[in-house]
Amino acid sequence: MRTKVAIIGAGPAGLLLGQLLHAYGIDNVIVERQTPDYVLGRIRAGLLEEGTVALLDAAGAGARARHEGLVHHGVELAFGGARHRIDMHAATGKTVMIYGQTEVTRDLMKARADAGLATVYQAADVTPHDFGSVAPRVSYVKDDITHEIACDFIAGCDGFHGVSRSRVPASAIQTFERVYPFGWLGILSETPPVSHELIYTNHERGFALCTMRSMHRSRHYLQCPLDDHVDQWPDDKFWDELKRRLDRKAVDHLVTGPSIEKSIAPLRSFVAEPMRFGRMFLAGDAAHIVPPTGAKGLNLAASDVHYLSQALREFYTEKSAAGIDAYSAMALARVWKAVRFSWWMTSMLHKFPDTGEFGARIQLAELDYLVSSKAAATSLSENYVGLPF
Ligand code: APR
Ligand code: PHB
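Now for a description of the structure that goes with this document. (Residues numbered from 1 in each chain as written. Chains lettered and ligands numbered in written order. Predicted model: local features only at pLDDT ≥ 70, side-chain atom pairs only at ≥ 80, totals over all residues. Heavy atoms only, no water.)

**Quick notes on the sheet that holds strand S14 (residues 199-201)**
Heads up, the rule is: A pair of strands is labelled paired if DSSP reports no fewer than 2 bridges between them. For helices the rule is a DSSP run of H or I covering at least 4 residues; for strands it is a run of E covering at least 2, with both sets numbered from the N terminus onward.
Strand order in the open sheet formed by eight strands is S6-S5-S14-S15-S16-S13-S17-S20, and the pairing between neighbours is mixed. What marks the edges here is a single partner per strand, and that holds for strand S6 (82-87) and strand S20 (288-289). For strand S13 (residues 174-189) and strand S16 (residues 218-224), the ladder comprises seven bridges, and the chain directions are antiparallel. Its bridge partner lying in S16, Leu188 is registered against Arg219.

Below you can see the structure in the form of structure tokens.
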């Protein structure tokens, strides 16, 4: 098989890239190790920046999000028992949209299938080869037969645990990482949201976040010890702990119910530099991970794909390598700003035992400054709604 761009991974990054390249007339194939249902079964965050929604439109997969997504103008910060609204739209003229990543993936899968594009699912031993040459290729095993895709470029969209980054020689890559000393216990329930906007809570017992998937389906998160197991958190215990961390008004509006999904996720910040290795590019979680506090994971994957798809379009239509040569620096400049913002939000809102009472007071001072300074609130808003591409 031959194609222009071989994409490894059919998550949001790979699917979005495939659609944008198709829109630009650039032939591509996606190779994915799991089944479509497995990919759709991963419960992830659900907050989209305007730029991400615009890219979904350009990919022919934005209509349902535009129809069903919840547009939010503000976000609330709760601390010291009180809640404070940050009017992001007033500060930036922009909004964010609540629309689950599962639905984004579903819409991109449908757009790709409707376009009749090649996606190989349940591909084993996917391996990028010769990306330091002008003739890279990707091999994989399907139904016990080894296949090979000859291509011009490889896009490693295979996530944090993927194969692409692992095939880069250690001497050619530098990584930066911070692992946080706690996890997020998340619950999904068919209950109405606590409020029509998100509530991020700093509490002495730990962080809590009240978010949603629709006006009938809620998503709540609690900071929990890293060594906790989800079996230690029956629903009643989860709801009781959430009530102990929320402000009075939120407790009064909280509707509890049986969990339809419950899981614990670790938090880390991770960046790999560079994001280009000859004819192979990394995009999305394959190159970086952010703690979900800033809701940047999916949006960073989208911005990488924006830069990479534009660079490849320039290569094929204008015969210029300027874009692909600039890709890594362009993407990393935005990645590091989002990594900083996600680290800052996480540092401000979570309980860090090792920083003690002094650290807790600094957090409250930061939060108090945020809700009493237009400049500080504007800075948070600019980053939360998404910095320009
Ligand atoms: N071969 C083929 N496919 C692979 C391999 C491999 N060796 N390793 C991983 N994959 C696939 C995974 O099964 C997954 O479907 O690559 C895809 C990567 O998707 P994601 O992990 O979702 O990463 P990305 O597309 O960059 O999207 C980032 O997803 O995990 C969330 O929080 C993250 O919101 C962010 C978004
Ligand atoms: C979510 O809706 O799952 C979500 C929203 C905002 C975050 C994290 C998760 O910061």
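There's plenty left to go through after this.
**Some words on the pairing of strand S10 (residues 137-142)**
Bridge analysis of strand S9 (residues 124-129) against S10 gives four bridges, and the strand direction is antiparallel. Across the sheet, the residue bridging to His129 is Arg137, located in S10. Pairing of S10 with strand S11 (residues 145-150), which is carried by six bridges, proceeds in the antiparallel orientation. What sits directly across from Val141, in S11, is Thr146. As consecutive antiparallel partners, S10 and S11 are separated by two residues, and within that stretch Asp143 has a phi angle of approximately 55 degrees, a positive value.

**A word on the packing of aromatic side chains**
The cut-off we apply is this: Pairing of aromatic rings covers Phe, Tyr and the six-membered ring of Trp, with a centre-to-centre limit of 6.5 Å; geometry is then stacked below 30 degrees between planes, edge-to-face above 60, and tilted otherwise. Three labels apply to residues, based on accessible area from a 1.4 Å probe with only protein chains included: buried if under 20% of the type maximum, exposed if over 50%, partly exposed otherwise in between. Note on criteria: charge over ring means Lys NZ or Arg CZ within 6 Å of the ring centre, with the direction from the centre no more than 35 degrees off the ring normal.
Under the counting rule described, the total for this entry stands at 17 aromatic pairs. Arranged with centres 5.2 Å apart and planes meeting at 80 degrees, the rings of Phe182 and Phe352 form a pair that is edge-to-face. Here Phe352 lies in the loop between helix H10 (322-349) and helix H11 (356-370) and Phe182 lies in strand S13, a separation of 170 residues in the sequence. Here Phe182 and Phe352 have matching classes, each one buried. Counting every residue linked through ring pairs, the aromatic cluster contains Trp184, Tyr200, Phe207, Tyr221, Phe341, Trp344 and Tyr384. Directly above the aromatic system of Trp233 lies the positively charged group of Lys237, at a separation of 4.4 Å from the ring centroid. Above the face of the Tyr24 ring, Arg313 is positioned so that its terminal group lies 4.1 Å from the ring centre.

**Observations regarding the site of ligand 2**
To be explicit about the condition: Note on terminology: near, applied to a residue and a molecule or strand, indicates that one of the residue's heavy atoms is within 4 Å of it. Side-chain atoms alone can form a polar contact between residues adjacent in sequence; in general such a contact is a pair of N or O atoms within 3.5 Å, and within protein one must be able to donate a hydrogen while the other accepts it. Shrake-Rupley sampling with a 1.4 Å probe provides the accessible areas, and residues are treated as covered by the protein chains on show and by no other component.
Lining the immediate environment of ligand 2, one finds 13 residues, of which Tyr200, Thr211, Arg213, Tyr221 and Pro292 sit closest. Separating an oxygen atom of ligand 2 from a side-chain N or O atom of Arg213 is a distance of 2.8 Å. Tyr221 is positioned such that a nitrogen or oxygen atom in its side chain is 2.7 Å from an oxygen atom of ligand 2. Alone, ligand 2 offers 280 Å² of accessible surface; in the complex the protein occludes 100% of this.

**Looking at the site of ligand 1**
Counted only if it meets this: Polarity classes work like this: nonpolar for Ala, Val, Leu, Ile, Met, Phe, Trp, Tyr, Cys and Pro, charged for Asp, Glu, Lys and Arg, and polar for all others, with Gly in that last group.
Close to ligand 1 lie 23 residues; Glu32, Arg42, Arg44, Gln101 and Asp285 are nearest. Between ligand 1 and Arg42 there is a distance of 2.5 Å, counted from an oxygen atom to a side-chain nitrogen or oxygen. Expressed as a share of its isolated accessible area of 710 Å², the protein-covered part of ligand 1 is 90%. Contributions of two or more residues to the shell around ligand 1 are made by helix H1 (12-23) and helix H9 (297-318). Within the shell around ligand 1, the residues separate by chemical class into nine nonpolar, eight polar and six charged.

**Observations concerning the state of the cysteines**
The term disulfide refers to a covalent linkage connecting the sulfur atoms of a pair of cysteines. Our working rule: Here, the term disulfide refers to a pair of cysteine sulfur atoms separated by no more than 2.5 Å.
Counting across every chain of the model gives zero disulfides. Left without a disulfide partner, Cys210 is nearest to the cysteine sulfur of Cys224, which lies 16 Å away.

**Concerning the pairing of S13**
In this structure, S13 lies alongside strand S17 (residues 259-273), joined through 13 bridges in antiparallel fashion. Its bridge partner being in S17, Leu185 is matched across the sheet by Ile264.

**Concerning the packing of H10 against helix H12 (residues 374-385)**
Using the following cut-off: Interaxial angle, 0 to 180 degrees, is taken between N-to-C directions of lines fitted to C-alpha atoms, where a helix line uses only the stretch in contact. Working definition: roughly parallel below 35 degrees, roughly antiparallel above 145 degrees, roughly perpendicular at 65 to 115 degrees, and oblique for all remaining angles. Each crossing gets its hand from how the near helix is turned against the far one by less than a right angle, where anticlockwise is left-handed and clockwise is right-handed. Only heavy atoms matter for contacts: two residues are in contact if any of them lie within 4.5 Å across the pair.
Direction vectors running N to C along H10 and H12 enclose 120 degrees, while the axes themselves pass 10 Å from each other. If you check the angle between H10 and H12, you find them oblique. The two elements H10 and H12 meet at a crossing, and its hand is left-handed. Note on element contacts: H12 touches H10 through Leu380, Asn383 and Tyr384, opposite Lys337, Arg340, Phe341, Trp344 and Met345.

**Considerations on unusual backbone geometry**
Omega for the bond connecting Glu273 with Pro274 falls within 30 degrees of zero, at -10 degrees, which places this linkage in the cis form. The residue Pro274 is located in the loop between S17 and strand S18 (276-277) in this model. We note that Asp130 has phi near 50 degrees; this positive angle belongs to a residue other than glycine. Residue position: Asp130 is located in the loop between S9 and S10.

Everything listed here is a matter of coordinates, which is why it stays silent on function.
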